[in-house]
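# Results of the structural survey
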Amino acid sequence: MDFLKTHITKVERPAAGYVLLRFQNDRPIEGVPGQFVMIRGEWGVDPILPRAFSLVETGSKGAVLVHAVGKGTKLLVQMEPGDVLDVLGPCGKGFSLPPAGRRPVLVAGGVGVAPMVYLAENLLRDGHKPTSLFGGRTAADLPLHERLAASGELIMTTEDGSIGEKGLVTGPLERLLKEDKTVQLYSCGPEPMLRAVARAAEAHGIPCEVALESPMACGIGTCKGCAVQAADGSFLYVCSDGPVFDAVDIYGGTK
Ligand SMILES: Cc1cc2nc3c(=O)[nH]c(=O)nc-3n(C[C@H](O)[C@H](O)[C@H](O)COP(=O)(O)OP(=O)(O)OC[C@H]3O[C@@H](n4cnc5c(N)ncnc54)[C@H](O)[C@@H]3O)c2cc1C
Ligand code: FES
(Lines give C-alpha, C1' and ligand atoms only; values in the text may rest on other atoms or scores of the structure.)
(Ligands and ions follow the chains in the order given, each with its own letter.)
Protein backbone atom coordinates (compact mmCIF):
# COMPACT_ATOMS: atom_id res chain seq x y z
CA MET A 1 0.00 0.00 0.00
CA ASP A 2 1.37 3.45 -0.99
CA PHE A 3 0.48 6.99 0.01
CA LEU A 4 -1.80 8.64 -2.55
CA LYS A 5 -1.57 12.33 -3.41
CA THR A 6 -5.04 13.76 -2.90
CA HIS A 7 -6.45 17.27 -3.19
CA ILE A 8 -8.81 18.83 -0.69
CA THR A 9 -12.01 19.75 -2.51
CA LYS A 10 -14.07 21.14 0.35
CA VAL A 11 -13.69 22.01 4.00
CA GLU A 12 -16.84 21.89 6.14
CA ARG A 13 -16.94 23.10 9.75
CA PRO A 14 -19.68 21.09 11.50
CA ALA A 15 -18.72 22.35 15.00
CA ALA A 16 -16.06 24.49 16.68
CA GLY A 17 -12.69 22.67 16.54
CA TYR A 18 -13.93 20.10 14.01
CA VAL A 19 -13.57 20.05 10.22
CA LEU A 20 -14.86 17.60 7.66
CA LEU A 21 -12.10 17.43 5.04
CA ARG A 22 -13.30 16.26 1.64
CA PHE A 23 -10.61 15.11 -0.76
CA GLN A 24 -10.39 13.68 -4.24
CA ASN A 25 -7.96 10.94 -5.28
CA ASP A 26 -6.99 9.58 -8.71
CA ARG A 27 -7.25 6.01 -7.40
CA PRO A 28 -10.35 5.21 -5.26
CA ILE A 29 -9.84 4.26 -1.62
CA GLU A 30 -12.42 1.50 -1.18
CA GLY A 31 -12.93 1.24 2.56
CA VAL A 32 -15.65 -0.08 4.85
CA PRO A 33 -16.99 1.53 8.04
CA GLY A 34 -14.46 1.31 10.86
CA GLN A 35 -11.43 1.34 8.57
CA PHE A 36 -9.13 4.34 8.67
CA VAL A 37 -6.54 6.26 6.66
CA MET A 38 -3.16 7.68 7.65
CA ILE A 39 -2.91 11.34 6.58
CA ARG A 40 -0.04 13.79 6.30
CA GLY A 41 -0.17 17.34 4.94
CA GLU A 42 2.62 19.02 3.02
CA TRP A 43 3.85 20.89 6.09
CA GLY A 44 7.56 20.03 6.15
CA VAL A 45 9.11 17.70 8.70
CA ASP A 46 7.11 18.48 11.84
CA PRO A 47 5.13 16.42 12.63
CA ILE A 48 6.94 13.76 10.66
CA LEU A 49 4.46 10.94 11.17
CA PRO A 50 1.05 10.73 9.53
CA ARG A 51 -2.06 10.78 11.73
CA ALA A 52 -4.92 8.23 11.76
CA PHE A 53 -8.50 9.21 10.80
CA SER A 54 -11.59 7.06 10.44
CA LEU A 55 -13.18 7.10 7.04
CA VAL A 56 -16.50 8.96 6.84
CA GLU A 57 -16.79 8.48 3.08
CA THR A 58 -14.69 6.49 0.63
CA GLY A 59 -14.23 5.94 -3.09
CA SER A 60 -12.61 8.43 -5.43
CA LYS A 61 -13.97 11.14 -3.14
CA GLY A 62 -13.11 10.57 0.50
CA ALA A 63 -13.90 12.44 3.70
CA VAL A 64 -12.57 12.45 7.25
CA LEU A 65 -13.67 14.35 10.35
CA VAL A 66 -10.76 16.01 12.14
CA HIS A 67 -10.87 17.20 15.75
CA ALA A 68 -8.03 19.58 16.60
CA VAL A 69 -6.17 18.21 19.63
CA GLY A 70 -2.43 18.56 18.84
CA LYS A 71 0.12 19.65 16.28
CA GLY A 72 -0.96 17.53 13.31
CA THR A 73 -4.71 17.96 13.73
CA LYS A 74 -4.34 21.73 14.33
CA LEU A 75 -2.51 21.98 10.98
CA LEU A 76 -5.17 19.85 9.27
CA VAL A 77 -8.09 21.98 10.48
CA GLN A 78 -6.44 25.05 8.85
CA MET A 79 -6.25 23.40 5.41
CA GLU A 80 -8.01 24.92 2.43
CA PRO A 81 -9.48 23.56 -0.80
CA GLY A 82 -6.64 22.83 -3.25
CA ASP A 83 -4.17 21.83 -0.51
CA VAL A 84 -2.50 18.45 -0.97
CA LEU A 85 -2.81 15.54 1.47
CA ASP A 86 -0.83 12.30 1.41
CA VAL A 87 -3.31 9.54 2.27
CA LEU A 88 -2.59 5.87 3.00
CA GLY A 89 -5.43 3.39 3.21
CA PRO A 90 -7.83 1.87 3.74
CA CYS A 91 -6.09 0.51 6.87
CA GLY A 92 -7.23 -1.97 9.49
CA LYS A 93 -10.38 -4.01 9.89
CA GLY A 94 -13.91 -2.58 9.85
CA PHE A 95 -17.17 -3.43 11.59
CA SER A 96 -19.02 -6.65 10.82
CA LEU A 97 -22.59 -6.49 9.56
CA PRO A 98 -25.40 -7.26 12.02
CA PRO A 99 -26.61 -10.87 11.71
CA ALA A 100 -30.21 -11.38 10.57
CA GLY A 101 -32.69 -10.50 13.30
CA ARG A 102 -30.29 -8.21 15.15
CA ARG A 103 -31.05 -4.49 15.62
CA PRO A 104 -27.95 -2.32 15.09
CA VAL A 105 -27.44 0.28 17.82
CA LEU A 106 -24.51 2.67 17.42
CA VAL A 107 -23.00 4.48 20.39
CA ALA A 108 -20.75 7.47 19.64
CA GLY A 109 -18.81 9.95 21.74
CA GLY A 110 -16.95 13.00 20.45
CA VAL A 111 -14.95 12.47 17.27
CA GLY A 112 -15.84 8.78 17.55
CA VAL A 113 -18.93 9.82 15.58
CA ALA A 114 -16.84 9.66 12.36
CA PRO A 115 -16.97 5.87 11.77
CA MET A 116 -20.51 5.75 13.22
CA VAL A 117 -21.81 8.13 10.52
CA TYR A 118 -20.26 5.96 7.81
CA LEU A 119 -21.66 2.80 9.46
CA ALA A 120 -25.17 4.27 9.96
CA GLU A 121 -25.37 5.43 6.34
CA ASN A 122 -24.18 2.04 5.05
CA LEU A 123 -26.62 0.14 7.27
CA LEU A 124 -29.51 2.29 6.07
CA ARG A 125 -28.49 1.67 2.45
CA ASP A 126 -28.45 -2.10 3.19
CA GLY A 127 -32.04 -2.01 4.52
CA HIS A 128 -31.32 -1.84 8.28
CA LYS A 129 -32.83 0.71 10.64
CA PRO A 130 -29.97 1.80 12.89
CA THR A 131 -30.52 3.58 16.20
CA SER A 132 -27.73 5.96 17.18
CA LEU A 133 -26.88 7.25 20.64
CA PHE A 134 -24.51 10.23 20.56
CA GLY A 135 -23.12 11.91 23.66
CA GLY A 136 -21.00 14.97 24.34
CA ARG A 137 -20.30 17.54 27.03
CA THR A 138 -22.39 20.26 25.33
CA ALA A 139 -24.37 20.80 22.12
CA ALA A 140 -21.14 21.98 20.43
CA ASP A 141 -19.58 18.52 20.89
CA LEU A 142 -22.00 16.71 18.60
CA PRO A 143 -20.61 17.23 15.05
CA LEU A 144 -22.42 15.52 12.16
CA HIS A 145 -25.39 14.59 14.37
CA GLU A 146 -27.71 15.60 11.50
CA ARG A 147 -26.27 12.77 9.41
CA LEU A 148 -26.99 10.23 12.15
CA ALA A 149 -30.54 11.60 12.42
CA ALA A 150 -30.97 11.21 8.65
CA SER A 151 -29.92 7.55 8.88
CA GLY A 152 -32.34 6.36 11.54
CA GLU A 153 -33.41 7.10 15.10
CA LEU A 154 -31.03 9.40 17.02
CA ILE A 155 -30.88 9.93 20.78
CA MET A 156 -28.48 12.69 21.84
CA THR A 157 -27.21 13.32 25.35
CA THR A 158 -25.20 16.21 26.78
CA GLU A 159 -23.68 16.54 30.21
CA ASP A 160 -24.99 20.13 30.54
CA GLY A 161 -28.40 19.37 29.01
CA SER A 162 -27.90 21.95 26.22
CA ILE A 163 -29.35 19.50 23.69
CA GLY A 164 -31.00 16.09 24.03
CA GLU A 165 -31.17 14.27 27.35
CA LYS A 166 -29.06 15.55 30.21
CA GLY A 167 -26.41 13.06 31.32
CA LEU A 168 -24.21 10.40 29.78
CA VAL A 169 -24.96 8.31 26.73
CA THR A 170 -24.98 5.21 28.91
CA GLY A 171 -28.34 6.35 30.42
CA PRO A 172 -30.46 5.77 27.29
CA LEU A 173 -28.24 2.80 26.40
CA GLU A 174 -29.18 1.00 29.64
CA ARG A 175 -32.89 1.66 28.97
CA LEU A 176 -32.62 0.36 25.45
CA LEU A 177 -30.74 -2.81 26.44
CA LYS A 178 -33.35 -3.59 29.11
CA GLU A 179 -36.15 -3.34 26.53
CA ASP A 180 -34.60 -5.11 23.55
CA LYS A 181 -32.42 -8.23 23.67
CA THR A 182 -31.95 -8.34 19.88
CA VAL A 183 -29.55 -5.38 19.88
CA GLN A 184 -26.12 -5.57 18.21
CA LEU A 185 -23.88 -2.79 19.56
CA TYR A 186 -21.21 -0.80 17.73
CA SER A 187 -19.26 1.90 19.50
CA CYS A 188 -16.48 4.45 19.04
CA GLY A 189 -15.48 7.23 21.40
CA PRO A 190 -13.40 8.03 24.48
CA GLU A 191 -11.95 5.03 26.33
CA PRO A 192 -14.11 5.41 29.51
CA MET A 193 -17.24 5.47 27.33
CA LEU A 194 -16.15 2.37 25.39
CA ARG A 195 -15.46 0.56 28.66
CA ALA A 196 -18.91 1.51 30.01
CA VAL A 197 -20.60 0.42 26.77
CA ALA A 198 -18.71 -2.90 26.86
CA ARG A 199 -19.75 -3.41 30.50
CA ALA A 200 -23.42 -2.74 29.68
CA ALA A 201 -23.24 -5.11 26.69
CA GLU A 202 -21.74 -7.84 28.84
CA ALA A 203 -24.35 -7.35 31.61
CA HIS A 204 -27.20 -7.74 29.10
CA GLY A 205 -25.57 -10.48 27.01
CA ILE A 206 -25.45 -8.25 23.92
CA PRO A 207 -22.73 -8.59 21.23
CA CYS A 208 -20.63 -5.46 20.90
CA GLU A 209 -17.86 -4.22 18.63
CA VAL A 210 -15.68 -1.28 19.63
CA ALA A 211 -13.39 0.85 17.43
CA LEU A 212 -10.28 1.99 19.31
CA GLU A 213 -8.51 5.27 18.54
CA SER A 214 -5.21 4.68 20.35
CA PRO A 215 -2.17 6.67 19.20
CA MET A 216 -0.31 5.00 16.34
CA ALA A 217 2.70 5.66 14.14
CA CYS A 218 2.88 3.57 10.94
CA GLY A 219 -0.75 2.38 10.66
CA ILE A 220 0.23 -0.80 8.79
CA GLY A 221 1.58 -3.22 11.37
CA THR A 222 5.33 -2.60 11.15
CA CYS A 223 6.32 -0.32 14.06
CA LYS A 224 4.46 -2.19 16.86
CA GLY A 225 3.70 1.19 18.42
CA CYS A 226 -0.06 0.70 18.73
CA ALA A 227 -0.12 -2.36 21.01
CA VAL A 228 -2.96 -2.62 23.53
CA GLN A 229 -3.24 -5.29 26.18
CA ALA A 230 -6.15 -7.63 25.53
CA ALA A 231 -8.38 -9.01 28.27
CA ASP A 232 -6.42 -12.31 28.25
CA GLY A 233 -3.09 -10.48 28.78
CA SER A 234 -1.85 -10.87 25.20
CA PHE A 235 -1.08 -7.85 23.02
CA LEU A 236 -3.15 -6.75 20.05
CA TYR A 237 -2.13 -4.18 17.45
CA VAL A 238 -4.81 -1.56 16.89
CA CYS A 239 -3.77 -0.83 13.29
CA SER A 240 -3.64 -4.41 12.02
CA ASP A 241 -5.75 -6.52 14.45
CA GLY A 242 -8.27 -3.65 14.74
CA PRO A 243 -9.16 -0.85 15.11
CA VAL A 244 -12.50 -2.70 15.43
CA PHE A 245 -12.50 -5.44 18.07
CA ASP A 246 -15.05 -7.62 19.78
CA ALA A 247 -15.49 -5.73 23.08
CA VAL A 248 -14.98 -8.97 25.00
CA ASP A 249 -11.46 -9.36 23.57
CA ILE A 250 -10.46 -5.95 24.93
CA TYR A 251 -12.55 -5.48 28.08
CA GLY A 252 -13.26 -9.09 29.06
CA GLY A 253 -16.46 -11.03 29.61
CA THR A 254 -18.00 -14.01 27.90
CA LYS A 255 -18.65 -14.34 24.20
C1 LIG B 1 -7.93 4.13 14.12
C2 LIG B 1 -7.99 5.56 14.54
C3 LIG B 1 -8.98 6.39 14.04
C4 LIG B 1 -9.02 7.72 14.41
N5 LIG B 1 -10.00 8.50 13.87
C6 LIG B 1 -10.00 9.82 14.12
C7 LIG B 1 -10.94 10.67 13.48
O8 LIG B 1 -11.78 10.23 12.68
N9 LIG B 1 -10.88 12.00 13.74
C10 LIG B 1 -9.96 12.53 14.61
O11 LIG B 1 -9.94 13.76 14.79
N12 LIG B 1 -9.08 11.75 15.26
C13 LIG B 1 -9.06 10.42 15.01
N14 LIG B 1 -8.13 9.63 15.63
C15 LIG B 1 -7.22 10.24 16.59
C16 LIG B 1 -6.13 10.99 15.85
O17 LIG B 1 -5.33 10.10 15.12
C18 LIG B 1 -5.27 11.76 16.86
O19 LIG B 1 -6.06 12.73 17.49
C20 LIG B 1 -4.13 12.43 16.18
O21 LIG B 1 -3.17 11.46 15.82
C22 LIG B 1 -3.47 13.42 17.09
O23 LIG B 1 -2.42 14.01 16.35
P24 LIG B 1 -1.87 15.44 16.72
O25 LIG B 1 -0.60 15.64 15.99
O26 LIG B 1 -2.92 16.47 16.52
O27 LIG B 1 -1.66 15.32 18.27
P28 LIG B 1 -0.29 15.13 19.02
O29 LIG B 1 0.45 16.45 19.02
O30 LIG B 1 0.42 13.91 18.51
O31 LIG B 1 -0.86 14.84 20.45
C32 LIG B 1 -1.64 15.85 21.10
C33 LIG B 1 -2.39 15.24 22.24
O34 LIG B 1 -3.33 14.29 21.77
C35 LIG B 1 -3.08 13.03 22.34
N36 LIG B 1 -3.32 12.02 21.33
C37 LIG B 1 -2.55 11.69 20.28
N38 LIG B 1 -3.12 10.69 19.58
C39 LIG B 1 -4.28 10.40 20.21
C40 LIG B 1 -5.31 9.47 20.01
N41 LIG B 1 -5.28 8.57 19.03
N42 LIG B 1 -6.35 9.46 20.87
C43 LIG B 1 -6.40 10.32 21.89
N44 LIG B 1 -5.45 11.23 22.14
C45 LIG B 1 -4.41 11.26 21.32
C46 LIG B 1 -1.64 13.04 22.78
O47 LIG B 1 -1.41 12.16 23.84
C48 LIG B 1 -1.48 14.49 23.21
O49 LIG B 1 -1.97 14.69 24.50
C50 LIG B 1 -8.07 8.28 15.31
C51 LIG B 1 -7.07 7.44 15.82
C52 LIG B 1 -7.03 6.11 15.44
C53 LIG B 1 -5.94 5.24 15.95
S1 FES C 1 0.86 1.76 14.24
FE2 FES C 1 2.66 0.74 13.65
S3 FES C 1 2.19 -1.34 14.15
FE4 FES C 1 0.36 -0.31 14.54
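Check the entry above for the structure.
These numbers come from a predicted model, not from an experiment. (Residues numbered from 1 in each chain as written. Chains lettered and ligands numbered in written order. Predicted model: local features only at pLDDT ≥ 70, side-chain atom pairs only at ≥ 80, totals over all residues. Heavy atoms only, no water.)

### Some thoughts on the sheet that holds strand β1 (residues 4–15)
By way of backbone hydrogen bonds, the strands of a sheet pair with one another, either parallel or antiparallel. Keep this limit in mind: Strands are labelled as partners when DSSP assigns at least two bridges between them. What counts as a helix is a DSSP run of H or I of at least four residues, what counts as a strand is a run of E of at least two, and both are numbered from the N terminus. Axis angles are defined between N-to-C directions and span 0 to 180 degrees, where every axis is a line fitted to C-alpha atoms and, for a helix, only to the segment in contact. By definition in these notes, contact holds between two residues if any of their heavy atoms fall within 4.5 Å.
Reading around the circumference, β1-β2-β5-β4-β3-β6 is the order of the six strands in this closed barrel, with antiparallel pairing throughout. Strand after strand, the sheet turns through a mean of 45 degrees between neighbouring axes, direction not considered. Alignment of strand β2 (residues 18–29) against strand β5 (residues 59–67), held across eight bridges, turns out to be antiparallel. Across the sheet, residue Phe23 finds its bridge partner in β5, namely Gly62. Strands in contact with helix α2 (residues 113–125) are β4 (51–57) and β5; relative to β4, the strand with the most contacts, it is inclined by about 25 degrees.

### Here's the deal with the side chain of Asp180
As a reminder of what qualifies: Under this definition, polar contacts are N or O atom pairs within 3.5 Å; protein pairs additionally need one hydrogen-donor-capable and one acceptor-capable atom, and for neighbouring residues in sequence, both atoms have to be side-chain atoms.
With respect to the helices and strands, Asp180 occurs in the loop between α4 (170–179) and β11 (183–188). Engagement of the side chain of Asp180 in a polar contact is seen with the side chain of Arg103, the distance being 3.0 Å. Leave out the neighbours within four places in its chain, and Asp180 touches Arg103 and Ile206.

### Some points on the pairing of β1
Sheet topology places β1 next to strand β6 (residues 84–91); four bridges connect them, and they run antiparallel. Across the sheet, His7 pairs through a bridge with Val84, a residue of β6. Alignment of β1 against β2, held across seven bridges, turns out to be antiparallel. Considered in β2, the bridge of Ile8 is made with Phe23. Turn length for the β1-β2 hairpin, with the two strands adjacent in sequence and antiparallel, is two residues, and the turn residue Gly17 shows positive phi of about 85 degrees.

### Quick look at the sheet that holds strand β8 (residues 131–136)
Taken together, seven strands build an open sheet; the order of strands is β10-β9-β8-β7-β11-β12-β15 and the sheet is mixed. Strands at the two margins of the open sheet, each flanked by one partner only, are β10 (165–166) and β15 (244–246). Sheet topology note: the β8/strand β9 (residues 153–158) ladder contains six bridges and is parallel. From the neighbouring strand, Phe134 faces β9, where its bridge partner is Met156. Contacts from α2 reach β7 (103–109), β8 and β11, with the element oriented near 160 degrees to β7. Helix α5 (residues 191–204) contacts β7, β11 and β12 (208–211) of the sheet and is inclined by roughly 165 degrees relative to β11.

### Side note on the nonpolar core
Put simply, the rule is: Within this scheme, the nonpolar core is defined by two criteria: the residues are buried Ala, Val, Leu, Ile, Met, Phe, Trp, Tyr or Cys, and they are joined through side-chain atoms within 4.5 Å. Buried, partly exposed and exposed residues are distinguished by accessible area as a fraction of the type maximum, computed with a 1.4 Å probe on protein chains only: under 20%, between the cut-offs, and over 50%, respectively.
Counting 35 residues, the largest nonpolar core has Val107, Leu133, Leu173, Leu185, Val210, Leu212 and Tyr251 as the members making the most contacts within it. For this core, the elements supplying multiple residues, two or more each, are β3 (36–41), β6, β7, α4, β11, α5, β12 and α6 (247–251). Ranked by residues supplied to this core, first place goes to α5 with six residues. Those residues in contact with Leu185 that sit more than four places away from it in its chain are Val105, Val107, Leu173, Leu177, Val197, Ala201, Ile206, Pro207, Cys208 and Glu209. The next biggest cluster of nonpolar side chains, apart from the first, holds 26 residues, and it includes Tyr18, Leu106, Ala108 and Phe134.

### Quick look at the site of ligand 1
Basically, it comes down to this: When we say a residue is near a molecule or strand, we mean one of its heavy atoms is within 4 Å of it. Here the open area of atoms and residues is found with the Shrake-Rupley method and a 1.4 Å probe, where only the protein chains shown may cover a residue.
Around ligand 1, the structure places 21 residues, and the nearest of them are Arg51, Ala52, Gly72, Thr73 and Glu213. Here a nitrogen atom of ligand 1 sits 2.7 Å away from a polar atom, N or O, in the main chain of Leu65. Take Lys71: an N or O atom from its main chain is 3.2 Å from an oxygen atom of ligand 1. If ligand 1 stood free it would expose 870 Å²; the protein chains cover 70% of that surface. For the shell around ligand 1, the secondary structure elements donating two or more residues are β4, β5 and α1 (71–76).

### Remarks on the pattern of salt bridges
A side chain with one charge may pair with a side chain of the opposite charge, provided their charged atoms come close. The line we're drawing: For this document, the term salt bridge refers to a Lys or Arg side-chain nitrogen within 4 Å of an Asp or Glu carboxyl oxygen.
One pass over the full model with this rule turns up 13 salt bridges. As a salt-bridge pair, Glu12 and Lys10 come within 3.9 Å of each other at their nearest N and O atoms. Looking at Glu12, the relative accessible area reads 25%, which means it is partly exposed. Overall, Lys10 belongs to the partly exposed group, its relative accessible area being 45%. Residue Glu165 is joined to Arg175 by a salt bridge in which the shortest nitrogen-to-oxygen separation is 2.6 Å. With Glu165 in strand β10 and Arg175 in helix α4, the pair connects residues that are 10 residues apart, well separated along the chain. The exposure class of Glu165 is partly exposed, given its relative accessible area of 28%. For Arg175, a relative accessible area of 42% corresponds to the partly exposed category.

All we've got here are geometric facts, nothing functional implied.
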